[in-house]
Each structure stands twice: as C-alpha cells, then as structure tokens.
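# Architecture at a glance
What follows is the residue order along each chain.
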Amino acid sequence: MENDADRVAEYLARTVALAVRNVGAEGGPFGAIVVAPDGRMFEGSNRVTANNDPTAHAEVVAIRHACSELGTFNLAGCSLYSSCEPCPLCLSAALWSRLDHVYFAADRHDAARAGFDDAEFYDYIQGRGDLSLMPVEQIVVPTSQEPFRSWEQLDAKTEY
C-alpha cells in the first residue's frame, strides 16, 4: 500500500498534468483537485481567459466543483492539491471552504518567472504594498447595519 507522501505526490502529478493540458485548451497553466475523505476527486483548471472570469482560478474551480457535487459549502475533511502555490484569492477560497490541508507543487516565484507575478497582491493584503493599487474605504450609511440585524433575527439561518 502506498504511503501518504506517495499519495500526495500522485495527486500533485495529476494537477500538473491538468495544468499542462489546460494550456492547450485556452486556459492558464494551473490545475487543481479537491480530494474528499472517501477518495472522490474534483478537478479544476484555470479558465480566467477562456471564460473572461478573473475568479476562475484552478483552485476556485475545483472548490466550486467539489461543493456542487458534494452538496455543501463546507469542505472540512477534504484536501486541495494545486499545481502551483495558491494566490491570495485561492487561499481565501480554501479558508472559506474550510479545507483541511493545501498542497502545491510549484511556488509563487516559479509562477512569477512565467509571467504570473502576484507579489504585489500579497504585499497589498499584508499592508506592505502600494495601497493606491486599489483604494478601499468604508463609508457608513444609515442602513449599514440592517443586513446584520435581519440576519440576527432570522430563525431558519444556515450558519457558516
């Protein structure tokens, strides 16, 4: 029987193969899979340019696929395998979906050498970058808290 390291390497090899295939299918060079505790796999490839969707990163596509097929927004117990280190968007999606673990093959520096440099996004999020990249500011309006009050009063809510 294969050990965990062999299984991780096998899943990562699969994501790399997905990424290579996707390059020839009008997508970016990124692939990902979510693996459920029962071994089911849910694939995703980068479709940003193919679908004109800046959120269609391989990891997000795989997470969406897994959630749809499993009928849940909570992927606790599942792991994400990616051909490359998740960018801030994908890392956030992994956190929100409550994945147990993330594994990746190439890192952000490898991606940058190929023209996919998101270093300024990491810096921005960490408060070290150029905040004029995208100014974000709060403007409080009289009804700002109404959605939360409505939520708090709802009896039949699904917590997340």
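You'll find the structure just up there.
Residues numbered from 1 in each chain as written. Predicted model: local features only at pLDDT ≥ 70, side-chain atom pairs only at ≥ 80, totals over all residues. Heavy atoms only, no water.

Taken as a whole and assessed by the stated rule, the structure comprises 5 aromatic pairs. Ring centres 5.9 Å apart and planes at 75° place the aromatic pair Phe73 and Tyr160 in the edge-to-face group. A residue pair is termed long-range when its members are at least 10 positions apart, and Phe73 in the loop between α3 (58-70) and β3 (79-84) and Tyr160 in the segment after α7 (146-153) qualify at 87 residues. Between Tyr81 and Tyr103, the aromatic rings sit 4.9 Å apart at their centres with planes inclined by 10°, giving stacked as the arrangement. You can see Tyr81 sitting in strand β3 and its partner Tyr103 sitting in strand β4 (residues 101-106), a full 22 residues away along the chain. Across from the ring centre of Tyr122, 3.7 Å away, lies the NZ or CZ of Arg108, which sits over that ring. (Phe/Tyr/Trp six-rings, centres within 6.5 Å; stacked < 30°, edge-to-face > 60°. Helix = DSSP H or I, 4+ residues; strand = E, 2+ residues; numbered from the N terminus. Lys NZ or Arg CZ within 6 Å of the ring centre and 35° of its normal.)

Turning to the nonpolar core, a few remarks are in order. Counting 17 residues, the largest nonpolar core has Val34, Ile63, Leu75, Cys78, Leu80 and Leu99 as its most contacted members. Elements represented by at least two residues in this core include exactly β1 (31-35), α3 and β3. A per-element tally of this core places α3 first, with 5 residues. Beyond its immediate sequence surroundings of up to four residues, Ile63 is in contact with Val34, Leu75, Ala93, Ala94, Ser97 and Leu99. Val8, Tyr11, Leu12 and Val35 belong to the second-largest nonpolar core, a separate cluster that totals 7 residues. (Core = buried A, V, L, I, M, F, W, Y, C linked by side-chain atoms within 4.5 Å. Buried < 20%, exposed > 50% of the residue type's maximum accessible area, 1.4 Å probe, protein only. Contact = heavy atoms within 4.5 Å.)

Looking now at helix α1 (residues 4-23). Across its 20 residues, α1 extends 29 Å between first and last C-alpha, which sits within 8% of the 28 Å expected from 1.5 Å per residue. Buried residues along α1 sit in contact with β1, β2 (41-45), β3 and β4. (Expected span 1.5 Å × (residues − 1).)

Turning next to the sheet that holds β1. Taken in spatial order, the 4 strands line up as β2-β1-β3-β4 in an open sheet, and their pairing is mixed. Single-partner strands in this sheet number two, and they are β2 and β4. The mean angle between the axes of side-by-side strands here comes to 15°, regardless of whether they run parallel or antiparallel. In this sheet, β4 lies alongside β3 in parallel orientation, the contact comprising 5 bridges. Counted as the bridge partner of Cys84 is Ala106 from β4. Strands β1, β2, β3 and β4 of the sheet are contacted by α1, whose axis makes an angle of about 140° with β1. (Pairing = 2+ DSSP bridges. Axes fitted to C-alpha atoms, helices over the stretch in contact; angles between N-to-C directions.)

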